[in-house]
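What follows is each chain in one-letter form.
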Amino acid sequence: MGWSLNIGRLFGIPIKIHFSLFILLGFLLLASSSAGSGLYGVLIAVLLFGSVTAHELGHALVARRYGVDTKEIVLLPIGGAALLSRNPDEPKQELLIAIAGPVVSLVLSGLAFLAWQAVALTVLADLFFVNLVLGLFNLVPAFPMDGGRVLRAGLANWMGNMRATRVAAKLGRLVAVAFMVIAVVYSEIILGFIGAFIFFAATAEERAAIIQNIVGLRRVTDLMQPTPAILGAGATVADAIAGFASSPGVAALPVAFGTHVLGVVHRGDAEGVPSPDEHMVNELVDRNVVTHDGDAPLMELLTRMGQSRSRAAVVTAANEVVGIVTLDRVLEEIRAARHAEF
Ligand SMILES: [Zn+2]
């Protein structure tokens, strides 16, 4: 999210302002000709932040009801974002969390309208308008905007999560392109930014959802290649090549000293060595590997591999080396599943 300033907590959730919003505020102050209208601009800006915060709190508090925490709420020039710690378990929960924000905005808009009818203050009319736009704009069915999430959750009930995500993301990109075309035709720069943001966010969310779908329910052993051969620290490259010959399809072999895992040797590395008898496997060991329990969720292992940028992991069961997971194989699996599902 880049640099942002913590301005406090509401309901225990940190509220942050992204630095670009300060630039916009300064611009508002400078752009106004007189000090009076400048101050009014700041007042409107504060009302806008307040309205966006209320909208995001709507998402966050409904999410909390379903046991999903919110890490932080970030206020951006084009709206806000409540960063949830994880995705909700069921489509119905996602739907209610997504719709809560626009509902808060529309209720606030209605209240401001009633107050404006009672007391004719311009500020109330602005509050009415700002919240109406916030509520309606977010309901545009462009994933990952709220309306797109509502659509995805609704579709997931009868076409499954994966297809629903694809359809919602496609529609999201379509709306994004429409926004960008309108932005160019009417010289609306901000709408163009929003369109570009939606376009890339829709694709990123789609990818994350696909990976979650493929990886989410699996255990490490589901993607593991069993390794019959474990190389000792004193093995030669020729031993490794022999090991690969007896385990076709295995992309890497573990190198261990007793129960202590030193790393792995990749098949390509071993096969590329001229006169393998004269070289020790030690020279080829990829030591940047993760050792992980086979019973653990696959996502847990991939997160660890991602953090340490490892290409391979050694899988253990009851402290014994039982197999290997390589990044190439995981990616291959994801690619295959993507094609199969749609
Ligand atoms: Zn929202």
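Worth saying up front: this structure is predicted, and the values here are computed from it rather than measured.

Procedures and definitions
- Residues numbered from 1 in each chain as written.
- Predicted model: local features only at pLDDT ≥ 70, side-chain atom pairs only at ≥ 80, totals over all residues.
- Heavy atoms only, no water.
- Helix = DSSP H or I, 4+ residues; strand = E, 2+ residues; numbered from the N terminus.
- Rg over C-alpha atoms; globule rule 2.2 N^0.38 Å.
- Buried < 20%, exposed > 50% of the residue type's maximum accessible area, 1.4 Å probe, protein only.
- Areas by Shrake-Rupley, 256 points an atom, 1.4 Å probe, with all protein chains shown as cover.
- Lys, Arg positive; Asp, Glu negative; His and termini not counted.
- Charge placed at Lys NZ, Arg CZ, Asp CG, Glu CD.
- Domains from an automatic or database assignment.
- Contact = heavy atoms within 4.5 Å.
- Buried area = accessible area lost by both parts, 1.4 Å probe.
- Salt bridge = Lys/Arg side-chain N within 4 Å of Asp/Glu carboxyl O.
- Polar contact = N/O pair within 3.5 Å; in protein donor to acceptor, adjacent residues only side chain to side chain.
- Nonpolar A, V, L, I, M, F, W, Y, C, P; charged D, E, K, R; others polar.

**Section: the overall build of the chain**
- When you go through the chain residue by residue, the secondary structure sums to 10 helices and 10 strands.
- In terms of overall size, the chain is more extended than a compact globule, its C-alpha atoms giving a radius of gyration of 27 Å where 342 residues would be expected to give roughly 20 Å.
- Per-residue burial over the chain gives 42% buried out of 342 residues.
- Here the chain has roughly 18,000 Å² of accessible surface; of this, 64% comes from carbon and sulfur atoms.
- Taken as two groups, the 24 positive and 27 negative side-chain charges of the chain have centres that lie 7 Å from each other.

**What about the domain arrangement of the chain?**
- Taken domain by domain, the chain holds domain 1 (1–139), domain 2 (145–215) and domain 3 (220–341).
- The straight-line distance from the C-alpha centre of domain 2 to that of domain 3 is 37 Å.
- Counting residues at the interface gives eight residues for domain 2 and seven residues for domain 3.
- Counting each side, the surface lost to burial between domain 2 and domain 3 is near 770 Å², with a carbon and sulfur contribution of 76%.
- The tally of links from domain 2 across to domain 3 stands at zero salt bridges.
- At the boundary of domain 2 with domain 3, the tally comes to zero residue pairs in polar contact (both at pLDDT 80 or more).
- Put simply, the parts of the chain that give the side of domain 2 that touches domain 3 at least two residues each are α5 (146–185) and α6 (189–215).
- A per-element tally of the side of domain 2 that touches domain 3 places α6 first, with five residues.
- Looking at the side of domain 2 that touches domain 3 residue by residue, the class counts come to five nonpolar, one polar and two charged.

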